[in-house]
Amino acid sequence: MASHGARGRSGGRPTLEEVAARAGVGRGTVSRVINGSPRVSGATRAAVEAAVAELGYVPNTAARALAANRTDAIALVVPEPETRFFAEPYFSDMLKGVGAELSDTEMQLLLIFAGSDKERRRLAQYLAAHRVDGVLLVSVHADDPLPDLLAQLEIPAVISGPRSATEALASVDSDNYGGARSAVEHLLARGRREIAHITGRLDVYGAQRRVDGYRDALTEAGRTVDEQLVEPGDFTEEGGRRAMTALLARRPSLDAVFAGSDVTAAGARQVLREAGRRIPEDVALVGYDDSAIARHMDPPLTSVRQPIEEMGRSMIDLLLTEIADRRPAASRELERRHVVLATELVERTSS
């Protein structure tokens, strides 16, 4: 008789065959119980679970993944330079949400940067070898070929923010349009008359939607949209400085700025201060993200809060569903899920 405990007859780790012998069933039955198959009777399941507990059997997850053609790994792909990833709170908050949702699974998370052509070529080869079960794509631009590559390879994927209104991949986003509207409506309610907008990168669909929200809020308030008050930015601090400099040169009488991100607002604030403009007395300032930057700015920054950690958790939830659904990609296209999470304007003293 095999001894009780965590060691099998061979003196090493207990094997599947030893569990089967102890339970008085076949090896295949033990495998079905361990993998959660419903095609096992209650009495048989109980016998197998008792044998597993008595022997201290630990399933070989690597072998199980190989048998199921699985890697138990997910890639978080960021098609941006590493410097931007570590400089902007958006990415760290997203990573926090992804990690929290994965913590209760056996999946490993790989962080992959693909900001250069060389990194993209390497990533394409890596994905073509099917070394991950699924991919999370963060900060994708409209002309990025990565989503199409994933579709071609039939690798389950979820994108953070769709590339367009007709996005083919499952996606998670915040309500960029509604968030921008709330920012502009807030500034209008404060009596501001010349409200400028520093956009995000306009090859990002979310930035386009924020511009739409800005324009519609002004139009519905009976204001004419002045294109001289709209300046392209790129979500960076330096981009905020450049855009603010250009706006002040064109419209020195502006009395409010809605920035595409908190980081951009920080750059705009610096230029306003250097120009002798007081915030909010002379120029009200509103950002987007409600990051730590907003809370610690002087004066504290009014900002549109998007639930970035929740977005990360939702992306994992969608991706695990995609991975579990083994049907051909073509049969799932009409069922692609697009999750849009609500935003909230957090008022502080900058406006």
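Basis of the calculations
Residues numbered from 1 in each chain as written. Predicted model: local features only at pLDDT ≥ 70, side-chain atom pairs only at ≥ 80, totals over all residues. Heavy atoms only, no water. 1 Å grid on protein atoms, 1.4 Å probe; cavity = no way out; pocket = protein on both sides within 12 Å on 5 of 7 lines; lining within 4 Å. Points joined across faces, edges and corners; volume = space filled by probe spheres on them. Helix = DSSP H or I, 4+ residues; strand = E, 2+ residues; numbered from the N terminus. Nonpolar A, V, L, I, M, F, W, Y, C, P; charged D, E, K, R; others polar. Domains from an automatic or database assignment. Pairing = 2+ DSSP bridges. Core = buried A, V, L, I, M, F, W, Y, C linked by side-chain atoms within 4.5 Å. Buried < 20%, exposed > 50% of the residue type's maximum accessible area, 1.4 Å probe, protein only. Contact = heavy atoms within 4.5 Å.

1. Observations concerning empty space enclosed by the protein
No. 1: Applying the stated criterion across every chain, the model contains two cavities of 30 Å³ or more.
No. 2: Roughly 320 Å³ of internal volume is contained in the largest cavity.
No. 3: Together, 20 residues line the largest cavity, and Tyr90, Ser139, Val204, Arg210 and Phe235 are the ones closest to its centre.
No. 4: Going through the elements one at a time, α6 (89-102) and α10 (205-220) are the ones with two or more residues in the lining of the largest cavity.
No. 5: Element by element, the count of residues in the lining of the largest cavity is highest for α10, at four residues.
No. 6: Looking at the lining of the largest cavity residue by residue, the classes come out as eight nonpolar, seven polar and five charged.
No. 7: Two domains each donate at least three residues to the lining of the largest cavity, and these are domain 2 (73-174 + 309-340) and domain 3 (176-305).
No. 8: Space inside the second largest cavity adds up to approximately 30 Å³.
No. 9: Glu88, Pro89, Tyr90, Val263, Asp289 and Ser291 together form the lining of the second largest cavity.
No. 10: For the lining of the second largest cavity, a count of residues per class yields three nonpolar, one polar and two charged.

2. Notes on the sheet that holds strand β10 (residues 302-305)
No. 1: If you trace the six strands from one edge of the open sheet to the other, you get β7-β6-β8-β9-β10-β12, paired in mixed fashion. Of all the strands in the sheet, just β7 (230-231) and β12 (344-346) have a single pairing partner and so form its edges.
No. 2: Note that strand β9 (residues 284-289) and β10 share four bridges and pair parallel. Of the residues in β10, the one forming a bridge with Val286 is Thr302.

3. Examining the nonpolar core
No. 1: Formed by 38 residues in total, the largest nonpolar core has its most connected members in Val184, Ile195, Tyr214, Met244, Leu254, Val257 and Phe258.
No. 2: Secondary structure elements with two or more residues in this core: α9 (176-189), β6 (195-198), α10, α11 (237-250), β8 (256-259), α12 (262-274) and β9.
No. 3: Not counting the four nearest positions on each side in its chain, Val257 is found in contact with Leu187, Ala196, Ile198, Met244, Val283, Ala284, Leu285 and Val286.
No. 4: Counting 25 residues, the second largest nonpolar core, distinct from the first, contains Leu76, Val98, Val158 and Leu318.

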